[in-house]
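Single-letter residue listing:
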Amino acid sequence: MADLDDLAELLFPDVNETIDDLERKYPPRRLQEGAQVTRFAPSPTGFLHTGSLFTALIGYTLAKRSNGVFFFRLEDTDTKRTIAGSGKDLIDQLAVFGLDSDEGYRPEGDLGDYGPYRQSLRKGIYRAVIKELIRRGRAYPDFCTPEDLDRIRAAQEANKVLPGYYGAYARDRSLSVDEEIARIKAGTPWVIRYRSQGDHDKKTKFTDAIRGEIELQDNDVDVVILKSDGLPTYHFAHVVDDHFMRTTLITRGEEWIPSTPIHLDMFRALGWKAPKYAHLPVIMKLDHGNKRKLSKRKDPEAAVSYFLDQGYPPEALLVYLMSIANSNFEEWSAANKSYDLSKFPFSLKKMSLDGALFDLAKLNYFSKEIIAKEPAASLLLKVKAWAASHDGALSKKIAGGEAYFGKILNIEKERKNPRKDYAKYGDIEPLVRFFYRDDYEKMVAAGLPFNPAFDKGFLAKLLTEFANGMAYGSDEETWWNGVKAIAEKSGFALSNKDYKANPGAYMGSLSDAAEILRVALTCVKQSPNLHEVIEILGEAETKRRLLALAASLAA
Ligand code: GLU
């Protein structure tokens, strides 16, 4: 009579490595007390999901905070969903956010002693563990066809019991070893299932680092651990990889909570200490008043690239995600006048759980703050790099004169409350167009929003006065005094009080006069500080604009 060793040999004749060998090859890490080993384990399905960036940020933060290790594992066992090249894209995108891993998968060759870090290259490890599970009677071959499984499901539906391959419904769980060997030798296709020892009527308890104690029904489903394509399922790969990569804390989406009993059952069966788990909230979106998961298909903001393409600074997205993670972040950031995430005392215990809602207005708020705080010189380099691949019109403007563009970026910046008009680099070009002569001329040709209360002849005269009489190259106060003198001479009231008391005696108020000057130079009623605008345009261009306009108004 054949025994389990014979079965194991027949299934995996080429596997010689044992679990003990693997334990020696991947020894426990020597880390200081309290250091956490975390990982980011995305599937290479084509793009970095905003929720995944959130997960990566938390894993990274916990590892850095504790002088631990943050590693990157590519979970490419679902070959149907794998998109070639997307592993590299993921690494590149994480690098944009500065979330570099200490070790892990690298397109040019892995980094670290616990690899390979790409699951498709770890077949030998999975097979070695499974061979041993077979020997111990904790895993078995299952010969069900898809039709057999459909029949089982139909019977379960008819009997109104839970679906799944368990108990009496686990058809091949109790085959004799001889029978198994005969079927394998006959060439019947098989998968390997884990033989659960769980009892559905009992509970499994574990302590989640965010949610505290969680109690769930014990797992009694014999899950597939090795698929017919020779690759493991998520459940098994998670247990094996996180054991041999010596992960101490699993940060993963809350959608994995229901599967945790399966994982704990396997850790127990293998005699391994399970890592800690922190199940992170999934990012939600408000859709017609209902909360739902950010969806790859429906929501462009589900892809991180959506934000990068529009020119959100990567740190703004991270800061925003941190504010979702810990609701005390904003308070901390205001008190410390800082967006430096490495200084923020992030805590899993303070994790907000009530379905983190994606809030674009909030992201814009942080982004405006961050762009406003960035010194013009470094902002220029970032905007330039972004524009080169995303904004041809802006790129052309920058190429036409970096120093000039730098001055524009610096408007109302070097002050306590800097101007905050850009939420993303994509906002810049439309707002700076008027500084560029060609665009300015086009806007003038399209019509300027002067107050119709003033006739053209009067406007022409006033603009000529401004052109010739303003104090160029002086400080703001001197310049403004000049503007006031011209306005007064032209019949405008210098104080609002005077104007209101006797409107008939004036052409208008000082703000009306300033608006005319502003519209003439910038084509809009709201522009950045006019003194700075004039200083950047320079005396010659300012005069040219005002006099050309005056001439055409007078014509
Ligand atoms: N590849 C899994 C996913 O993308 C990873 C989950 C985990 O971190 O364990 O959902």
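Read on for an overview of the structure. Computed from a predicted model, the values in this text were never measured in an experiment.

Looking at the overall build of the protein
Turning to step 1, where the next piece is worked out: Scanning the protein from N- to C-terminus turns up 23 helices and 14 strands.
Turning to step 2, where the next piece is worked out: For the protein, whose C-alpha radius of gyration is 33 Å, the value lies well above the compact-globule estimate of 24 Å for 555 residues.
Turning to step 3, where the next piece is worked out: Overall size of the protein, expressed as C-alpha extent along the three principal axes, is 115 × 50 × 45 Å.
Turning to step 4, where the next piece is worked out: Taking as baseline every contact in the protein between residues at least 6 positions apart, the subset at least 24 positions apart corresponds to 73%.
Turning to step 5, where the next piece is worked out: When the accessible surface of the protein is summed, it comes to about 26,100 Å², and 52% of that surface belongs to carbon and sulfur atoms.
Turning to step 6, where the next piece is worked out: Across the protein, the 78 positively charged side chains and the 80 negatively charged ones have centroids separated by 2 Å.

Section: the sheet that holds strand 1 (residues 37-40)
Turning to step 1, where the next piece is worked out: Within the open sheet, the 3 strands sit side by side as 1-2-3. Their pairing is parallel. Edge strands, defined here as strands with exactly one partner in the open sheet, are strand 1 and strand 3 (103-104).
Turning to step 2, where the next piece is worked out: Where strand 1 and strand 2 (residues 69-72) come together, 4 bridges link them in parallel fashion. Looking at the pairing, Arg39 lines up with Phe71 of strand 2.

Let's talk about unusual backbone geometry
Turning to step 1, where the next piece is worked out: Cis geometry is adopted by the peptide bond preceding Pro116, which originates at Gly115 and carries an omega value of 0 degrees.
Turning to step 2, where the next piece is worked out: Position of Pro116 among the secondary structure elements: in the loop between strand 3 and helix 5 (123-135).
Turning to step 3, where the next piece is worked out: Even without being a glycine, Arg246 presents a positive backbone phi close to 60 degrees.
Turning to step 4, where the next piece is worked out: Mapping Arg246 onto the fold places it in the loop between helix 8 (234-244) and strand 9 (249-253).
Turning to step 5, where the next piece is worked out: Its identity is not glycine, yet Lys337 carries a phi of approximately 45 degrees, on the positive side.
Turning to step 6, where the next piece is worked out: Take Lys337: it is sitting in the loop between helix 12 (329-336) and helix 13 (360-373).
Turning to step 7, where the next piece is worked out: Classification of Lys337 by relative accessible area gives exposed; the value is 68%.

Looking at the nonpolar core
Across soluble globular proteins, nonpolar side chains have a tendency to be buried as a group.
Turning to step 1, where the next piece is worked out: If you look at the biggest cluster of nonpolar residues, it comprises 100 residues, and the most contacted ones within it are Leu53, Val129 and Ile225.
Turning to step 2, where the next piece is worked out: Here the element with the most residues in this core is helix 11 (residues 314-325); it accounts for 9 residues.
Turning to step 3, where the next piece is worked out: Excluding residues within four positions of it along the chain, Leu53 makes contact with Leu48, Leu94, Phe97, Leu99, Val304, Leu317, Leu318 and Leu321.
Turning to step 4, where the next piece is worked out: Formed by 55 residues, the second largest nonpolar core is a distinct cluster that contains Ile408, Val519, Val533 and Ala550.

What to know about the site of the ligand
Turning to step 1, where the next piece is worked out: Surveying the vicinity of the ligand reveals the residues Arg39, Ala41, Ser43, Glu75, Tyr234, Arg252 and Trp256.
Turning to step 2, where the next piece is worked out: At 2.7 Å from an oxygen atom of the ligand is found a side-chain nitrogen or oxygen belonging to Arg39.
Turning to step 3, where the next piece is worked out: A distance of 2.5 Å is found between an oxygen atom of the ligand and a side-chain nitrogen or oxygen belonging to Tyr234.
Turning to step 4, where the next piece is worked out: When atom positions are compared with the pocket grids, the ligand is found to occupy the largest pocket.
Turning to step 5, where the next piece is worked out: Within the shell around the ligand, the residues separate by chemical class into 3 nonpolar, 1 polar and 3 charged.

A few points about the environment of Ser174
Turning to step 1, where the next piece is worked out: By the element assignment, Ser174 lies in the loop between helix 6 (146-158) and helix 7 (177-185).
Turning to step 2, where the next piece is worked out: For Ser174 and Asp148, which are 26 residues apart along the polypeptide, the C-alpha to C-alpha distance reads 16 Å.

Examining the packing of helix 19 (residues 456-469) against helix 22 (residues 510-522)
Turning to step 1, where the next piece is worked out: At a minimum axis separation of 11 Å, helix 19 and helix 22 run at an interaxial angle of 80 degrees. Classified by the angle between their axes, helix 19 and helix 22 sit roughly perpendicular to one another. Contact residues: Leu459, Leu462, Leu463 and Phe466 in helix 19; Ala513, Ile516, Leu517 and Ala520 in helix 22.

Quick word on the pattern of salt bridges
Turning to step 1, where the next piece is worked out: Taken as a whole and assessed by the stated rule, the structure comprises 53 salt bridges.
Turning to step 2, where the next piece is worked out: Of the charged contacts, one joins Glu9 and Lys131 as a salt bridge, the two residues approaching to 2.9 Å between their closest N and O atoms. With Glu9 in helix 1 (residues 4-11) and Lys131 in helix 5, this pair connects stretches of sequence that are 122 residues apart.
Turning to step 3, where the next piece is worked out: Counted as one network, the salt bridges with shared partners bring together Arg39, Arg73, Glu75, Arg122, Asp241 and Asp242.

Comments concerning the packing of helix 19 against helix 23 (residues 530-554)
Helix packing for two helices is described by the angle between their axes and how far apart those axes are.
Turning to step 1, where the next piece is worked out: The contact between helix 19 and helix 23 brings their axes to 8 Å, and the two run at 160 degrees. The orientation of helix 19 with respect to helix 23, classified from their angle, is roughly antiparallel. For the pair helix 19 and helix 23, the crossing hand works out as left-handed. Contacts between helix 19 and helix 23 involve Lys456, Leu459, Ala460, Leu463, Thr464, Phe466, Ala467 and Asn468 on the former and, on the latter, Lys543, Leu546, Leu547, Leu549, Ala550, Leu553 and Ala554.
Turning to step 2, where the next piece is worked out: Within the contact of helix 19 with helix 23, the residues separate by chemical class into 11 nonpolar, 2 polar and 2 charged.

What about the environment of Ile262?
Turning to step 1, where the next piece is worked out: One can find Ile262 in helix 9 (residues 260-270).
Turning to step 2, where the next piece is worked out: Ile262 sits 25 residues away from Asp287 along the chain, and the two C-alpha atoms are 33 Å apart.
Turning to step 3, where the next piece is worked out: Apart from the residues within four sequence positions on either side, Ile262 is in contact with Asn219, Val223 and His235.

Details of the pairing of strand 1
Turning to step 1, where the next piece is worked out: Residues Val37 and Arg39 point to one face of strand 1 and Thr38 and Phe40 to the other, with burial holding for every one of them.
Turning to step 2, where the next piece is worked out: In this region the chain leaves strand 1, passes through helix 3 (residues 50-65) and returns to the parallel neighbour strand 2; the handedness of that crossover is right-handed.

A word on the packing of aromatic side chains
Turning to step 1, where the next piece is worked out: The full count for this structure, using the stated rule, is 31 aromatic pairs.
Turning to step 2, where the next piece is worked out: Three or more aromatic residues joined by ring pairs make a cluster, and in this case those are Phe329, Trp332, Tyr339, Phe344, Tyr365 and Phe366.
Turning to step 3, where the next piece is worked out: Its end group placed over the ring of Tyr436, Lys397 keeps NZ or CZ at 5.4 Å from the ring centre.

Definitions and cut-offs
Residues numbered from 1 in each chain as written. Predicted model: local features only at pLDDT ≥ 70, side-chain atom pairs only at ≥ 80, totals over all residues. Heavy atoms only, no water. Helix = DSSP H or I, 4+ residues; strand = E, 2+ residues; numbered from the N terminus. Rg over C-alpha atoms; globule rule 2.2 N^0.38 Å. Contact = heavy atoms within 4.5 Å. Areas by Shrake-Rupley, 256 points an atom, 1.4 Å probe, with all protein chains shown as cover. Lys, Arg positive; Asp, Glu negative; His and termini not counted. Charge placed at Lys NZ, Arg CZ, Asp CG, Glu CD. Pairing = 2+ DSSP bridges. Buried < 20%, exposed > 50% of the residue type's maximum accessible area, 1.4 Å probe, protein only. Core = buried A, V, L, I, M, F, W, Y, C linked by side-chain atoms within 4.5 Å. Near = heavy atom within 4 Å. Polar contact = N/O pair within 3.5 Å; in protein donor to acceptor, adjacent residues only side chain to side chain. 1 Å grid on protein atoms, 1.4 Å probe; cavity = no way out; pocket = protein on both sides within 12 Å on 5 of 7 lines; lining within 4 Å. Sits in = over half its atoms within 2 Å of the grid points. Nonpolar A, V, L, I, M, F, W, Y, C, P; charged D, E, K, R; others polar. Axes fitted to C-alpha atoms, helices over the stretch in contact; angles between N-to-C directions. Parallel < 35°, antiparallel > 145°, perpendicular 65-115°, else oblique. Salt bridge = Lys/Arg side-chain N within 4 Å of Asp/Glu carboxyl O. Left-handed = near helix turned anticlockwise from the far one by under 90°. Right-handed = clockwise from strand over helix to strand, strands pointing away. Phe/Tyr/Trp six-rings, centres within 6.5 Å; stacked < 30°, edge-to-face > 60°. Lys NZ or Arg CZ within 6 Å of the ring centre and 35° of its normal.

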